[in-house]
Each structure stands twice: as C-alpha cells, then as structure tokens.
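# Geometric and topological summary
Take a look at the letters that make up each chain.
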Amino acid sequence: MLFRRCFSVIVCLALLSGCGLFNRTIPAGVIPDSTPRDHWVEIKGVRYHYTEYAGTGKTVVMLHGFGSSTYTWEETAALLNKEGFHVYALDLKGFGWSDKPLDSRYGVGALMEDVDDWMEKMQIRNAVVVGNSMGGAITVLLSRHHRDRVERMVLIDAGGYPMKLPFVIRLARFPMASFSSKLFFGPWMIRSNLKQVMFDPSKVTDERVQAYYSRMCSENAVKTQILTARSIDFSRLDLIQDATKNNKTKTLIIWGKNDTWIPLDTVGMRFREDLQNSVISVIPDCGHIPQEERPVETARLISDFINDRPIKDDRP
C-alpha cells in the first residue's frame, strides 16, 4: 500500500513537471523550425545533422560536448562567420538532431572516427577544429590520429583527464537509468544543468532551456546519452592523455574561470602543460560553456588565434 502511494505521488509530480514520460517524441529526421543553415548527410547508414555558415575564409569545424548540440555554437559561429570564416557545426551521432542508433558505439574513440568519416564526406582537411568538453577530447584524438584533418585546434573547457563526474553523468550511469529518466526527465532538469554550467544565472533563459529540451525529446535521445555516459571510463582516460604527448598541433585553450564541471586548475592547466605548442586564455566570471555564456570574447579569441594575433598566456 505504501509503495503504491509513493509511486502515485512520483507519477503525479512527474506529470505536473512536464517530464519525459508524458511529452511527445520528435521523430528522427525532423527539425522543428529548421533554417537554411541546417543540413543532413548520410554516412554508413547514419544521418548526421550539421549547420553551415558559408564564407571565403578559413574552415572552422565545431564539436559540442556531452548532452549538447550545434545549438551551443550558434552565436559564436555567427560572429566568426561575420569575419569571413567558413564555419561548420556538427551534431555528433546520438546528439542534437543526428540519428541515435542504439546498436552503435559511443565511446570518444568511436565518436572521433565518426567525425573523421564526416569530414571525409565533406572533403574537409586542414581545418581549425574547435571542441568543447567531450568535443574537446574528440578534437585532441582527431589531431593525433588524423593529422591531415586538424591544422590547429581550439579546446574550450575540454575533457581528457580524470575528474569528478558531473551529477547528470553519474545519474546516467545508475542502474535502471533508462526507466527512471522516463519519469523524471523534463525542462526542470535542463534548467538545473544549465545553472550548474553557467556562472551567470541570467543566461539560463526559457529559450535556451527549450532549445536543449527539444533536442532531448528527439527519438532515442535520452537512451544515447546513457549509452555515451556508460561508454566512457572517466577514471582512466589514457587514450586522450596519450594523444597529448608529443602533440605539436598549434592549440588555443579557452577556459571559463568558474567552471565547476571541469576545473581549470586540475584539467585546463594540465592541457596547457602537456600540449607543447599551446596558449591558454581564461575568461573570468564564466562557466563551462563560454561559447554560450561569453560568445563575443570566445569568438574574438578564436579569430585572434587563427589570424596569429597575440594572445596573452594565462598560464601561471
């Protein structure tokens, strides 16, 4: 009897909060409110979504982090495009509007090979590859294993060294996470996560929450987040650390000083130490996603880096 009452309360709360069990699923291949910048390409039976900002300048490829999508780059990509850069942002397999097959591999090594396949399909070489969080780890691997793809790299609050897992990733690794997420996932969780990754709470707008949430309502989205979280051993990241050794790729490291997910002192500065040809720029009053929280400063730093303008190195 007590169990039934508790379960009823949980279901009622889930219903009232607009959680995943009661919200519609957006079918694969559908983009609500698509724009001319939205494009699809099929590779090995998987449809990848990407956005393109055409320009005559250097090619820039942008890779998002865990739980994110091409949305995270919209402001920064537009600013870079105004300076003439040809910018692409890719939804990794299992994220954003790209397909989310449940029988695929979702470790960072597998996702890196997917990016290489996509760049081959798009005939992109010698690009400036920009990666945030998990996308930064993928960028480092790509620069090591497919050097012709990466002329320079920009790592923004990148993953790659052992760290304490953010709660959302720990939650995804719990037993029965797929079932519980159907009850509890909703806009409230997106808002909570954004408040963790952003220093300025005013940046956590309804529009931003909805942009993240709508993509997480796409077919199989929550399940592939869980598969990804379970595919990465965050206590042993030898694959990525090995890729930094003797890596001479010219690199700009951008870090939000107030990042609580991937700390500057233990991870950001370690990238700076290990990457031989790098410089680090720390943005004050900024969290884990500078491209959304401080897009003007982020775009300026990337532009300065590409154009070989001097950047102050914030290494202690």
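Preceding block: the structure.
Calculation criteria
- Residues numbered from 1 in each chain as written.
- Predicted model: local features only at pLDDT ≥ 70, side-chain atom pairs only at ≥ 80, totals over all residues.
- Heavy atoms only, no water.
- Salt bridge = Lys/Arg side-chain N within 4 Å of Asp/Glu carboxyl O.
- Helix = DSSP H or I, 4+ residues; strand = E, 2+ residues; numbered from the N terminus.
- Buried < 20%, exposed > 50% of the residue type's maximum accessible area, 1.4 Å probe, protein only.
- Axes fitted to C-alpha atoms, helices over the stretch in contact; angles between N-to-C directions.
- Parallel < 35°, antiparallel > 145°, perpendicular 65-115°, else oblique.
- Left-handed = near helix turned anticlockwise from the far one by under 90°.
- Contact = heavy atoms within 4.5 Å.
- Right-handed = clockwise from strand over helix to strand, strands pointing away.
- Pairing = 2+ DSSP bridges.
- Core = buried A, V, L, I, M, F, W, Y, C linked by side-chain atoms within 4.5 Å.
- Phe/Tyr/Trp six-rings, centres within 6.5 Å; stacked < 30°, edge-to-face > 60°.

## What to know about the pattern of salt bridges
If you walk through the whole model with that rule in mind, you get 20 salt bridges. Between Lys 44 and Asp 117 there is a salt bridge whose closest N-O contact spans 3.0 Å. Of the two residues, Lys 44 is situated in the loop between β1 (38–43) and β2 (46–53) and Asp 117 in helix α3 (residues 108–121); the sequence distance between them amounts to 73 residues. When its relative accessible area of 72% is taken as the criterion, Lys 44 is described as exposed. We note a salt bridge from Asp 148 to Arg 125, for which the minimum N-O separation is 3.0 Å. Here the residue Asp 148 occupies a position in the loop between α4 (134–145) and β6 (150–156), and Arg 125 occupies one in the loop between α3 and β5 (127–132), the gap between them amounting to 23 residues. The class of Asp 148 is partly exposed, set by a relative accessible area of 34%. Classification of Arg 125 as partly exposed rests on a relative accessible area of 43%. One connected set of salt bridges, linked through shared partners, spans Asp 116, Glu 120, Arg 125, Asp 148 and Arg 149.

## Examining the packing of α3 against α4
Contact geometry for α3 and α4: axes closest at 9 Å, N-to-C directions at 65°. Taken together, the axes of α3 and α4 are roughly perpendicular relative to one another. In terms of crossing hand, the pair formed by α3 and α4 is right-handed. Across the interface between the two elements, Val 108, Gly 109, Leu 111, Met 112, Val 115, Asp 116 and Met 119 of α3 pack against Met 134, Ile 138, Leu 141, Leu 142 and His 145 of α4.

## Remarks on the pairing of strand β4 (residues 86–90)
Across the five residues that make up β4, a large majority, five, are buried. Both faces of β4 are covered, namely the face carrying His 86, Tyr 88 and Leu 90 and the face carrying Val 87 and Ala 89. Crossover strand β3 (residues 59–63) to β4 through helix α2 (residues 74–82) is right-handed.

## As for the sheet that holds β1
In spatial order, the strands read β1-β2-β4-β3-β5-β6-β7-β8; together these eight strands make up an open sheet with mixed pairing. Each end of this open sheet is capped by a strand with a single partner; those strands are β1 and β8 (278–283). Each strand axis lies, on average, 25° off the axis of its neighbour in the sheet, ignoring direction. Seen against the sheet, helix α11 (residues 264–274) touches β6, β7 (250–256) and β8 and runs at an angle of roughly 150° to β8. In this fold helix α13 (residues 295–306) packs onto β3, β5, β6, β7 and β8, with an angle of close to 165° to the strand it touches most, β7.

## With respect to the nonpolar core
Judged by nonpolar contacts, the single largest core of 66 residues is most densely connected at Trp 118, Met 119, Ile 138 and Phe 271. Met 62, Val 87, Val 128 and Ile 302 belong to the second largest nonpolar core, which has 24 residues in total.

## A look at the packing of aromatic side chains
A full pass over the atoms with the stated rule returns six aromatic pairs. Aromatic pair Tyr 71 and Tyr 212: ring centres 5.8 Å apart, planes at 80°, arrangement edge-to-face. Of this pair, Tyr 71 sits in the loop between β3 and α2 while Tyr 212 sits in helix α8 (residues 206–216); the two residues are 141 residues apart in sequence, bridging distant segments of the chain. Judged by its relative accessible area of 9%, Tyr 71 is buried. Exposure remark for Tyr 212: the relative accessible area of 11% places this residue in the buried category. Ring geometry for Tyr 88 and Trp 118: centres 5.8 Å apart, planes at 80°, overall edge-to-face. Note that Tyr 88 is positioned in strand β4 and Trp 118 in helix α3, a separation of 30 residues in sequence. Each member of the pair Tyr 88 and Trp 118 is classed as buried. Put simply, the rings of Tyr 50, Tyr 88 and Trp 118 pair up and form one aromatic cluster.

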